[in-house]
Amino acid sequence: MKIGIIGTGNIGSNLARLFVAAGHEVVLSWSRSPEKLVRLSIELGNHKRAKAASVLEATQDVDISILSIRFMIMDEIKKQMGDVTGKIIVDTNNPYDIKLPTGVSAAAEVCRRLKGIRIVKAFNSLRHTSLLTCSHTDPLTISPLCSDDDNAKELVKTVITSIGYDPFDLGGLENVFLQEPGGPFYNIELSRQRAEKLKQND
Ligand SMILES: NC(=O)c1ccc[n+]([C@@H]2O[C@H](COP(=O)([O-])OP(=O)(O)OC[C@H]3O[C@@H](n4cnc5c(N)ncnc54)[C@H](OP(=O)(O)O)[C@@H]3O)[C@@H](O)[C@H]2O)c1
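All of the points below concern the structure found in this document. (Residues numbered from 1 in each chain as written. Predicted model: local features only at pLDDT ≥ 70, side-chain atom pairs only at ≥ 80, totals over all residues. Heavy atoms only, no water.)

**Thoughts on the site of the ligand**
Inference 1: In the vicinity of the ligand lie 22 residues, with N10, S31, R32, K36 and R70 positioned nearest.
Inference 2: In this structure, R32 approaches the ligand through a main-chain N or O atom, which is 2.7 Å from an oxygen atom.
Inference 3: R70 has a polar side-chain atom sitting 2.6 Å from an oxygen atom of the ligand.
Inference 4: Considered on its own, the ligand offers 860 Å² of accessible surface; in the complex 83% of this is hidden by protein.
Inference 5: Applying the majority rule of atoms within 2 Å of the grid points places the ligand in the largest pocket. (Near = heavy atom within 4 Å. Polar contact = N/O pair within 3.5 Å; in protein donor to acceptor, adjacent residues only side chain to side chain. Areas by Shrake-Rupley, 256 points an atom, 1.4 Å probe, with all protein chains shown as cover. 1 Å grid on protein atoms, 1.4 Å probe; cavity = no way out; pocket = protein on both sides within 12 Å on 5 of 7 lines; lining within 4 Å. Sits in = over half its atoms within 2 Å of the grid points.)

**Considering unusual backbone geometry**
Inference 1: Here D138 and P139 are connected by a cis peptide whose omega angle stands at 0°.
Inference 2: Its location among the elements puts P139 in the loop between α6 (128-131) and β7 (142-146).
Inference 3: Phi is positive for W30, which is not a glycine, with a value near 70°.
Inference 4: Take W30: it is sitting in the loop between β2 (25-29) and α2 (34-43). (Helix = DSSP H or I, 4+ residues; strand = E, 2+ residues; numbered from the N terminus.)

Quick look at the structure:
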(Lines give C-alpha, C1' and ligand atoms only; values in the text may rest on other atoms or scores of the structure.)
Protein backbone atom coordinates (compact mmCIF):
# COMPACT_ATOMS: atom_id res chain seq x y z
CA MET A 1 0.00 0.00 0.00
CA LYS A 2 1.10 3.58 -0.55
CA ILE A 3 0.71 5.54 2.69
CA GLY A 4 0.99 9.29 3.09
CA ILE A 5 2.43 10.54 6.36
CA ILE A 6 1.35 14.08 7.21
CA GLY A 7 3.43 15.02 10.24
CA THR A 8 6.70 13.24 10.83
CA GLY A 9 6.99 13.66 14.58
CA ASN A 10 7.14 10.97 17.25
CA ILE A 11 4.14 9.08 15.88
CA GLY A 12 4.40 9.77 12.15
CA SER A 13 8.07 8.83 11.87
CA ASN A 14 7.75 5.63 13.91
CA LEU A 15 4.67 4.57 11.94
CA ALA A 16 6.64 5.23 8.74
CA ARG A 17 9.41 2.93 10.05
CA LEU A 18 6.89 0.18 10.78
CA PHE A 19 5.13 0.60 7.42
CA VAL A 20 8.34 0.39 5.41
CA ALA A 21 9.50 -2.65 7.41
CA ALA A 22 6.15 -4.26 6.52
CA GLY A 23 6.70 -3.63 2.80
CA HIS A 24 4.57 -0.52 2.31
CA GLU A 25 5.63 2.60 0.48
CA VAL A 26 5.54 5.90 2.40
CA VAL A 27 5.26 9.51 1.27
CA LEU A 28 6.67 11.67 4.07
CA SER A 29 5.47 15.20 4.59
CA TRP A 30 5.44 18.18 6.93
CA SER A 31 8.25 19.21 9.14
CA ARG A 32 9.61 22.61 10.09
CA SER A 33 12.90 21.12 8.98
CA PRO A 34 12.93 19.89 5.35
CA GLU A 35 16.30 18.23 6.13
CA LYS A 36 14.55 16.05 8.72
CA LEU A 37 12.19 14.71 6.06
CA VAL A 38 15.09 13.97 3.74
CA ARG A 39 17.06 12.26 6.54
CA LEU A 40 14.08 10.05 7.36
CA SER A 41 13.50 9.21 3.69
CA ILE A 42 17.16 8.18 3.35
CA GLU A 43 16.96 6.07 6.53
CA LEU A 44 13.90 4.33 5.04
CA GLY A 45 15.38 3.52 1.67
CA ASN A 46 15.02 6.78 -0.29
CA HIS A 47 12.69 6.62 -3.28
CA LYS A 48 12.40 2.85 -3.30
CA ARG A 49 10.07 2.75 -0.33
CA ALA A 50 10.12 6.30 1.07
CA LYS A 51 10.28 9.79 -0.22
CA ALA A 52 10.13 13.29 1.19
CA ALA A 53 7.24 15.11 -0.45
CA SER A 54 4.61 17.81 -0.05
CA VAL A 55 1.49 17.56 2.10
CA LEU A 56 -0.46 17.67 -1.18
CA GLU A 57 1.30 14.55 -2.47
CA ALA A 58 0.94 12.75 0.88
CA THR A 59 -2.81 13.40 0.64
CA GLN A 60 -3.57 12.97 -3.04
CA ASP A 61 -1.17 10.38 -4.44
CA VAL A 62 -1.68 7.63 -1.83
CA ASP A 63 -4.13 4.94 -0.72
CA ILE A 64 -4.49 6.33 2.80
CA SER A 65 -2.96 9.20 4.77
CA ILE A 66 -1.89 9.29 8.40
CA LEU A 67 -2.64 12.71 9.89
CA SER A 68 -0.35 13.08 12.88
CA ILE A 69 0.17 16.73 13.69
CA ARG A 70 -0.94 19.27 16.27
CA PHE A 71 -4.35 20.95 16.24
CA MET A 72 -2.65 24.35 16.30
CA ILE A 73 -1.33 23.76 12.77
CA MET A 74 -4.30 21.85 11.35
CA ASP A 75 -5.76 24.79 9.42
CA GLU A 76 -2.39 25.44 7.80
CA ILE A 77 -2.06 21.75 6.88
CA LYS A 78 -5.63 21.75 5.53
CA LYS A 79 -4.73 24.48 3.05
CA GLN A 80 -1.93 22.28 1.72
CA MET A 81 -3.88 19.03 1.45
CA GLY A 82 -5.99 19.98 -1.57
CA ASP A 83 -9.44 18.49 -1.99
CA VAL A 84 -9.89 15.93 0.78
CA THR A 85 -13.35 14.74 -0.23
CA GLY A 86 -13.46 10.96 -0.04
CA LYS A 87 -9.86 10.65 1.20
CA ILE A 88 -9.17 8.03 3.86
CA ILE A 89 -7.52 9.91 6.71
CA VAL A 90 -6.22 8.05 9.73
CA ASP A 91 -6.49 10.45 12.66
CA THR A 92 -3.88 9.90 15.38
CA ASN A 93 -4.47 13.25 17.03
CA ASN A 94 -5.16 13.91 20.68
CA PRO A 95 -6.51 17.28 21.79
CA TYR A 96 -3.68 18.46 24.02
CA ASP A 97 -3.16 21.81 22.32
CA ILE A 98 -6.82 22.71 21.88
CA LYS A 99 -9.76 23.10 24.25
CA LEU A 100 -12.72 21.22 22.81
CA PRO A 101 -16.27 21.71 24.05
CA THR A 102 -17.46 19.00 26.47
CA GLY A 103 -18.58 15.93 24.57
CA VAL A 104 -16.72 16.81 21.35
CA SER A 105 -14.08 14.26 20.42
CA ALA A 106 -10.81 15.05 18.66
CA ALA A 107 -12.05 12.91 15.76
CA ALA A 108 -15.23 15.00 15.47
CA GLU A 109 -13.12 18.17 15.44
CA VAL A 110 -10.94 16.75 12.64
CA CYS A 111 -14.10 15.90 10.64
CA ARG A 112 -15.46 19.38 11.22
CA ARG A 113 -12.30 20.93 9.82
CA LEU A 114 -11.68 18.44 6.98
CA LYS A 115 -15.14 18.10 5.52
CA GLY A 116 -15.82 15.03 3.39
CA ILE A 117 -12.97 12.84 4.64
CA ARG A 118 -13.43 9.15 5.42
CA ILE A 119 -11.94 9.22 8.89
CA VAL A 120 -10.54 6.27 10.80
CA LYS A 121 -9.34 6.93 14.34
CA ALA A 122 -6.28 4.82 15.05
CA PHE A 123 -2.74 4.97 16.47
CA ASN A 124 -3.70 7.72 18.93
CA SER A 125 -3.86 5.50 21.98
CA LEU A 126 -0.43 3.86 21.98
CA ARG A 127 2.49 5.78 23.45
CA HIS A 128 5.08 6.75 20.87
CA THR A 129 7.78 5.15 23.02
CA SER A 130 5.92 1.82 22.72
CA LEU A 131 5.06 1.91 19.03
CA LEU A 132 8.21 0.15 17.86
CA THR A 133 8.66 -2.21 20.81
CA CYS A 134 5.03 -3.41 20.98
CA SER A 135 4.76 -4.61 17.41
CA HIS A 136 4.92 -8.38 16.84
CA THR A 137 4.63 -9.18 20.56
CA ASP A 138 3.32 -12.55 21.71
CA PRO A 139 0.41 -12.26 22.33
CA LEU A 140 -0.07 -9.37 19.92
CA THR A 141 -0.72 -5.91 21.32
CA ILE A 142 -4.05 -4.46 20.26
CA SER A 143 -4.37 -1.27 18.24
CA PRO A 144 -7.86 0.15 18.83
CA LEU A 145 -9.70 1.79 15.96
CA CYS A 146 -13.09 3.37 15.23
CA SER A 147 -14.81 4.53 12.08
CA ASP A 148 -18.26 5.02 10.60
CA ASP A 149 -16.87 3.91 7.21
CA ASP A 150 -16.62 0.12 7.21
CA ASN A 151 -14.56 -0.14 4.00
CA ALA A 152 -12.02 2.41 5.20
CA LYS A 153 -11.86 0.68 8.57
CA GLU A 154 -11.21 -2.73 6.95
CA LEU A 155 -8.37 -1.23 4.91
CA VAL A 156 -6.78 0.28 8.01
CA LYS A 157 -7.16 -3.05 9.80
CA THR A 158 -5.04 -4.72 7.11
CA VAL A 159 -2.38 -2.06 7.64
CA ILE A 160 -2.48 -2.55 11.41
CA THR A 161 -2.15 -6.32 10.99
CA SER A 162 0.73 -5.90 8.56
CA ILE A 163 2.81 -4.02 11.14
CA GLY A 164 2.35 -6.64 13.83
CA TYR A 165 -0.57 -5.26 15.84
CA ASP A 166 -3.97 -6.77 16.50
CA PRO A 167 -6.69 -4.40 15.22
CA PHE A 168 -9.29 -4.00 17.96
CA ASP A 169 -12.54 -2.68 16.50
CA LEU A 170 -14.36 -0.36 18.90
CA GLY A 171 -17.14 0.30 16.40
CA GLY A 172 -18.32 3.62 15.02
CA LEU A 173 -17.19 7.12 15.92
CA GLU A 174 -19.80 7.28 18.66
CA ASN A 175 -17.39 5.07 20.64
CA VAL A 176 -14.24 7.04 19.91
CA PHE A 177 -14.18 8.40 23.48
CA LEU A 178 -13.12 4.88 24.54
CA GLN A 179 -9.72 5.35 22.87
CA GLU A 180 -9.26 9.11 23.24
CA PRO A 181 -7.75 10.72 26.40
CA GLY A 182 -9.73 9.73 29.49
CA GLY A 183 -11.02 6.53 27.88
CA PRO A 184 -10.12 3.02 29.09
CA PHE A 185 -8.21 2.15 25.90
CA TYR A 186 -6.11 5.31 25.90
CA ASN A 187 -2.39 5.29 26.73
CA ILE A 188 -2.26 1.60 27.49
CA GLU A 189 -0.85 -1.45 25.76
CA LEU A 190 -3.15 -4.48 25.99
CA SER A 191 -3.51 -8.02 24.69
CA ARG A 192 -6.87 -8.93 23.08
CA GLN A 193 -7.79 -11.01 26.15
CA ARG A 194 -7.32 -8.04 28.50
CA ALA A 195 -8.99 -5.68 26.05
CA GLU A 196 -12.10 -7.88 25.78
CA LYS A 197 -12.40 -7.91 29.61
CA LEU A 198 -12.00 -4.14 29.71
CA LYS A 199 -14.70 -3.72 27.05
CA GLN A 200 -17.11 -5.94 28.98
CA ASN A 201 -16.56 -3.94 32.18
CA ASP A 202 -17.08 -0.61 30.45
N1 LIG B 1 3.58 11.46 21.44
C2 LIG B 1 2.75 10.45 21.73
O3 LIG B 1 3.05 9.55 22.54
C4 LIG B 1 1.43 10.37 21.04
C5 LIG B 1 0.76 9.15 21.04
C6 LIG B 1 -0.41 9.04 20.32
C7 LIG B 1 -0.94 10.14 19.66
N8 LIG B 1 -0.30 11.34 19.71
C9 LIG B 1 -0.93 12.47 19.01
O10 LIG B 1 -0.50 12.39 17.63
C11 LIG B 1 -0.19 13.71 17.13
C12 LIG B 1 1.28 13.76 16.79
O13 LIG B 1 2.03 13.54 17.99
P14 LIG B 1 3.61 13.59 17.97
O15 LIG B 1 4.07 13.27 19.34
O16 LIG B 1 4.13 12.80 16.81
O17 LIG B 1 3.83 15.17 17.68
P18 LIG B 1 5.16 15.96 17.35
O19 LIG B 1 6.31 15.02 17.39
O20 LIG B 1 5.25 17.17 18.18
O21 LIG B 1 4.94 16.53 15.87
C22 LIG B 1 4.02 16.10 14.95
C23 LIG B 1 4.17 16.97 13.70
O24 LIG B 1 3.74 18.30 13.99
C25 LIG B 1 4.78 19.21 13.66
N26 LIG B 1 4.80 20.29 14.65
C27 LIG B 1 4.86 20.17 16.01
N28 LIG B 1 4.87 21.39 16.59
C29 LIG B 1 4.82 22.29 15.56
C30 LIG B 1 4.81 23.70 15.49
N31 LIG B 1 4.88 24.46 16.59
N32 LIG B 1 4.78 24.29 14.28
C33 LIG B 1 4.73 23.55 13.15
N34 LIG B 1 4.75 22.20 13.13
C35 LIG B 1 4.79 21.59 14.33
C36 LIG B 1 6.05 18.41 13.71
O37 LIG B 1 6.98 19.02 12.86
P38 LIG B 1 8.56 19.09 13.21
O39 LIG B 1 9.17 17.96 12.44
O40 LIG B 1 8.94 20.41 12.68
O41 LIG B 1 8.72 18.95 14.69
C42 LIG B 1 5.59 17.07 13.19
O43 LIG B 1 5.57 17.03 11.79
C44 LIG B 1 -0.61 14.68 18.24
O45 LIG B 1 -1.91 15.12 18.00
C46 LIG B 1 -0.54 13.85 19.52
O47 LIG B 1 -1.44 14.31 20.50
C48 LIG B 1 0.89 11.47 20.36
